[in-house]
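As a plain string of letters, each chain reads:
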Number of protein chains: 2
Amino acid sequence: MEGLPEIHECKRTIMAVHDAMHVLGGKWKVSIVASLCFGPKRYSEILKDVHGISGKMLSRELKDMELNKLVNRTVLDTQPVTVQYELTDYGQTLKPMIANLAEWGIEHRKEIFGK
Amino acid sequence: MEGLPEIHECKRTIMAVHDAMHVLGGKWKVSIVASLCFGPKRYSEILKDVHGISGKMLSRELKDMELNKLVNRTVLDTQPVTVQYELTDYGQTLKPMIANLAEWGIEHRKEIFGK
DNA sequence: CTGTATCCACCTTGATACTG
DNA sequence: CAGTATCAAGGTGGATACAG
């Protein structure tokens with residue numbers, strides 16, 4: 001597999017992909033990560049960014065990702081309270097993968113609608 | 001976002017990621033693609049590769065991916081019949097993304113178990 | 001604003017049995 | 001070997017109401 005000199009075995013790759021998906025599974029997680037790739041966001045901002053997600057699901061997914069050390073949650077001392085989410089250093093390591101996925105998604109859209 | 005010179009906007013990235021996930025969503029698709037990244041495979045080989053998947057789900061996911069032009073299905077003239085699946089040229093474009101995901105998955109496993 | 005609780009419809013998946 | 005059919009169970013996610 002090109003571009004992956006460290007990997008020489010199929011099963012190992014599949015396991016790795018499976019591990020990654022265990023953390024990024026669910027309908028919304030990668031979209032949320034994508035949103036947070038562009039800097040810290042408040043709850044309501046993510047809600048607007050990720051089209052179609054409900055408040056319940058956003059809370060739930062963010063809590064999941066917090067447990068997995070992917071995002072940090074900070075309650076800001078404002079009136080009324082606002083909460084800021086941001087990728088942890090660990091979460092930042094997902095950026096290249098998100099970038100790849102986005103790039104493919106754009107090409108895919110062209111493939112579907114463009115011609 | 002580093003490594004993505006063409007993308008300058010958050011919403012567009014999120015949409016792109018969403019589009020990609022529309023095709024790769026579901027519990028098993030990325031694992032199946034990962035398996036096929038290592039060359040054509042027969043149904044039963046994929047079944048062994050992707051740990052935990054049932055025959056029903058494998059059939060269903062492969063059919064989905066065939067509709068989306070990601071994989072080719074070829075019935076081989078053997079006795080009994082065997083069926084070979086392989087990534088289309090279009091499906092091959094997913095390789096970099098799978099490679100990234102696998103790389104991250106391996107690091108993630110270290111993060112969880114390694115220390 | 002940022003959630004949580006509840007109820008509920010739907011979808012996904014697994015198990016099993018069966019076909020060509 | 002490569003599927004399909006059927007059933008049952010559990011998970012997923014939306015709507016709404018409510019709380020701090």
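Please refer to the structure placed before this passage.
Cut-offs and rules
Residues numbered from 1 in each chain as written. Chains lettered and ligands numbered in written order. Predicted model: local features only at pLDDT ≥ 70, side-chain atom pairs only at ≥ 80, totals over all residues. Heavy atoms only, no water. Pairing = 2+ DSSP bridges. Helix = DSSP H or I, 4+ residues; strand = E, 2+ residues; numbered from the N terminus. Near = heavy atom within 4 Å. Polar contact = N/O pair within 3.5 Å; in protein donor to acceptor, adjacent residues only side chain to side chain. Nonpolar A, V, L, I, M, F, W, Y, C, P; charged D, E, K, R; others polar. Contact = heavy atoms within 4.5 Å. Buried area = accessible area lost by both parts, 1.4 Å probe. Salt bridge = Lys/Arg side-chain N within 4 Å of Asp/Glu carboxyl O. Axes fitted to C-alpha atoms, helices over the stretch in contact; angles between N-to-C directions. Phe/Tyr/Trp six-rings, centres within 6.5 Å; stacked < 30°, edge-to-face > 60°. Buried < 20%, exposed > 50% of the residue type's maximum accessible area, 1.4 Å probe, protein only. Least-squares fit on C-alpha atoms with pLDDT ≥ 70 in both.

Asker: Looking at this model, I keep getting lost on the pairing of strand E3 (residues 82–87) of chain A. Mind explaining?
Answerer: The side chains of a regular strand alternate between both faces of the sheet. Residues and elements named next belong to chain A. Sheet analysis places strand E1 (residues 41–42) next to E3, joined by 2 bridges and oriented antiparallel. If you follow Arg-42 over to E3, its bridge partner there is Gln-84. Once strand E2 (residues 71–76) ends, the chain turns through 5 residues before running back antiparallel as E3.

Asker: Explain the protein's contact with DNA strand D here, please?
Answerer: Around DNA strand D there are 20 residues in total, and A:Lys27, A:Lys56, B:Ser44, B:Arg73 and B:Tyr85 lie nearest to it. The sugar-phosphate share of atoms of DNA strand D within 4 Å of the protein amounts to 68%. Within the backbone of B:Val83, one N or O atom sits 3.1 Å away from a phosphate oxygen of DNA strand D. When residues of the surface near DNA strand D are traced back to their parent elements, those giving at least two are helix H4 (55–67) of chain A together with helix H3 (43–49), helix H4 (55–67) and strand E3 (82–87) of chain B. Residue composition of the surface near DNA strand D, by class: 8 nonpolar, 5 polar and 7 charged.

Asker: Sorry, what's going on with the interface of chain A and chain B here?
Answerer: Bring the parts together and some accessible area is lost; that lost area is often taken as the interface size. The partner chain B presents 49 residues to the 48 residues of chain A that form the contact. Carbon and sulfur atoms make up 72% of the area that chain A and chain B hide from each other, which totals about 4,700 Å². Counting across the chain A and chain B interface gives 2 salt bridges. A salt bridge links A:Asp19 to B:Arg109; the nearest nitrogen and oxygen atoms lie 2.6 Å apart. The interface formed by chain A and chain B contains 8 residue pairs in polar contact (both at pLDDT 80 or more).

Asker: Sorry if this is basic, but what is going on with the sheet that holds E3(A) here?
Answerer: Pairing between sheet strands relies on hydrogen bonds along the backbone, with the strands arranged either parallel or antiparallel. Residue and element names in this part refer to chain A. Spatial strand order, E1-E3-E2: 3 strands in an open sheet with antiparallel pairing. In this open sheet, the two edge strands, each paired with only one partner strand, are E1 and E2. Against the sheet, helix H2 (residues 29–36) touches E1, E2 and E3, its axis set at about 95 degrees to E3.

Asker: What is the right way to read the packing of aromatic side chains from this model?
Answerer: By convention here, two paired aromatic rings are described through the distance between centres and the angle between planes. Per the counting criterion, the structure on display carries 2 aromatic pairs over all chains. Judged by centre distance (5.6 Å) and plane angle (25 degrees), the ring pair of A:Tyr90 and B:Trp104 falls under stacked. Of this pair, A:Tyr90 sits in helix H5 (residues 89–92) while B:Trp104 sits in helix H6 (residues 95–114), each in a different chain. Each member of the pair, A:Tyr90 together with B:Trp104, is buried.

Asker: I tried to follow the relation of the copies chain A and chain B on my own but got confused; where do I start?
Answerer: Rotating chain A by 180 degrees and moving it 0.0 Å along the rotation axis overlays it on chain B with an RMSD of 0.0 Å. Given the turn and translation reported, the copies of this chain are related as if by a two-fold rotation axis. Judged by C-alpha distance, A:Met97 is the residue of chain A that lies nearest the rotation axis, at 3.2 Å. Most of the interface of chain A is mirrored in chain B, where 100% of its interface residues are also at the interface.

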